[in-house]
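Analysis of the macromolecular model
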Amino acid sequence: MRKTLKLAAAAAVFATPAMAVNMENPLYLPGAGEVYTKLGAGIMYKKANDNLAMQAKDHVGAVEFPIWRGNLDIGVGITDWLTVRGQFGYTYDGDIDRKGMHNGRLGLNARAFDGSFTDGWVWDIYADAQLGGISKMSAELVMSPNTLGGTYPLSFNYDNYSNGRWGAYLGTQVGKTWDNFTAAAFAEVLRTIGNNNNEIGISSSAKGVVNAMLAGSLPGPLVPLIPTYMSGLPDSFSVYTKSTWEYSAGLKAFYEFNSDWSLGGGFTYKHRAENVITSVDLTNSNAATIDGLTAPGTTAAITAGIADNFIGGLQDAIDEYILTVAVARMVTESVQVAVYGEYTFDDAQPKSQNGTDIKAEVGVRVNVAF
């Protein structure tokens, strides 16, 4: 009988859901064998700024709402100090027909100090793969609705949120808990690897602009060949982009009122680097015909002249200053629900597609440990 009771007690222990430390705590880390998920759904309101890119699109001050956002954080405790984790995010913006994964990370978090010998100070070091290369950067080249007097003839309409580049994050976080209050600071760098994992469609309106550019720049004897050249352009092309350095840093604060309720908040600074195009991968299917009527290399020279308009910095870097707040309640020992809000100030370069006057998001997050 005693043996049966012991076995029943052991089974009850293993069947009980993991007793979660508050998963909204910035220093939360799963124990060995513990799995956690944080699934969020949000709605964003955005008002475009008045930079050159927005002027060219006649989009100055335009409101984009609703923008639907989904996020998933997931992790597994390998040991009490080592976690495998992933972060994924998806955005759908129907107002500009742009959708796709806006965040993708997979990596390891190691707890170097757990506070036992450091007066309660906790130190984490982490490294993540940046998964932007999973999908191509997808866009369409179009004639600018507003050419700004001919100075901005072409624009990009982006179809997704990927830059098409793989990369790696390296970061660290330090924090401490005083009774019910926790504070933490973090910093990280991101290195992306340049490539041509992108696809840029050429719209009919963009072809009209290219046709006009050729008519105004080619010598007279070549002008009659413009229709042949234009008919040989592909439906899309790709560009080679440089590797970049990006970085972010921030502060997090958290207060646990009791075993059920908590309040968290934070400030994050993010620098997103300017994209730089080093070369253009564009071929013309009528090259043999054109070169046969003129001289070898004529088509390549015309194409190089067009490509020169794209090579160089895109002037699309952006600095973001993000304020967040979240109120959370434990529903069960292993399930927590949080309502969050986020407001972003930004300082964008003249041709950034992401500059805003207002950018705010609210949503709900469900955290589960098992």
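Below is a short write-up of the structure. (Residues numbered from 1 in each chain as written. Predicted model: local features only at pLDDT ≥ 70, side-chain atom pairs only at ≥ 80, totals over all residues. Heavy atoms only, no water.)

**Observations regarding the sheet that holds strand β16 (residues 318–330)**
- With respect to topology, 12 strands assemble into a closed barrel ordered β1-β2-β3-β4-β5-β8-β9-β12-β13-β16-β17-β18, the strand pairing being antiparallel. If you compare each strand with its neighbour and ignore which way they point, the axes differ by 20 degrees on average.
- One ladder, built from 12 bridges, connects strand β13 (residues 261–272) with β16; its direction is antiparallel. Within β16, the position partnered with G264 by the bridge is A326. (Pairing = 2+ DSSP bridges. Helix = DSSP H or I, 4+ residues; strand = E, 2+ residues; numbered from the N terminus. Axes fitted to C-alpha atoms, helices over the stretch in contact; angles between N-to-C directions.)

**Quick notes on the packing of aromatic side chains**
- Evaluated as defined, the whole model comprises 11 aromatic pairs.
- A ring pair is formed by F113 and W123, whose centres lie 5.3 Å apart and whose planes are at 55 degrees; its orientation type is tilted. Residue F113 is found in strand β4 (residues 98–113), and its partner W123 is found in strand β5 (residues 122–130); the two are separated by 10 residues along the sequence.
- On the basis of relative accessible area, W123 is assigned to the partly exposed category, the value being 31%. (Phe/Tyr/Trp six-rings, centres within 6.5 Å; stacked < 30°, edge-to-face > 60°. Buried < 20%, exposed > 50% of the residue type's maximum accessible area, 1.4 Å probe, protein only.)

**What about the sheet that holds strand β11 (residues 236–241)?**
- Reading across the sheet, the 6 strands line up as β7-β6-β10-β11-β14-β15 and stay open at both edges, with mixed pairing between neighbours. Lying at the two open borders of the sheet, with one neighbouring strand each, are β7 (154–158) and β15 (312–313).
- As paired strands, strand β14 (residues 276–281) and β15 are joined by 2 bridges and run antiparallel to one another. Looking across to β15, one finds that V276 is bridged to G313.
- Along the sheet face, helix α3 (residues 204–217) touches β6 (137–143), β7 and β10 (198–202) and points at about 55 degrees away from the line of β6. (Contact = heavy atoms within 4.5 Å.)

**Some details on the pairing of β13**
- The pairing of strand β12 (residues 244–256) with β13 spans 10 bridges and is antiparallel. Residue pairing for β13: F254 is matched across the bridge by G264.
- Taken together, β12 and the strand that follows it, β13, pair antiparallel across an intervening segment of 4 residues.

**Notes on the pairing of strand β3 (residues 82–93)**
- Across 11 bridges, the pairing between strand β2 (residues 63–77) and β3 is antiparallel. Bridging from a neighbouring strand, R69 pairs with T91 of β3.
- Hairpin connection from β2 to β3: 4 residues lie between these consecutive antiparallel strands.
- Summarising the sheet, β3 and β4 pair through 12 bridges and their orientation is antiparallel. Across the sheet, F88 pairs through a bridge with G104, a residue of β4.

**Here we look at the environment of M143**
- Checked against the element boundaries, M143 lands in strand β6.
- Residue class for M143 comes out partly exposed when judged on its relative accessible area of 41%.
- With 60 residues separating them along the chain, M143 and S203 place their C-alpha atoms 8.1 Å apart.
- Not counting residues within four places of it along the chain, the set of residues in contact with M143 comprises P153, L154, S203, S205, A206 and V209.

**Some points on the environment of P221**
- Within the fold, P221 resides in the loop between α3 and α4 (226–231).
- Each C-alpha atom, one on P221 and one on T294, is 9.1 Å from the other, the two residues being 73 residues apart in sequence.

**Details of the pattern of salt bridges**
- Tallied over the full model, the rule gives 11 salt bridges.
- Of the charged contacts in the structure, one is a salt bridge between D128 and R85, with a shortest N-O distance of 3.2 Å. A residue pair is termed long-range when its members are at least 10 positions apart, and D128 in strand β5 and R85 in strand β3 qualify at 43 residues. Each member of the pair, D128 as well as R85, carries the same accessibility label: buried.
- As a salt-bridge pair, R105 and D128 come within 2.9 Å of each other at their nearest N and O atoms. Separated by 23 residues along the polypeptide, R105 in strand β4 and D128 in strand β5 bring together distant segments of the chain. Across this residue pair, the class does not change: R105 and D128 are buried.
- By sharing partners, the salt bridges in this structure join R85, R105, D128 and E188 into a single network. (Salt bridge = Lys/Arg side-chain N within 4 Å of Asp/Glu carboxyl O.)

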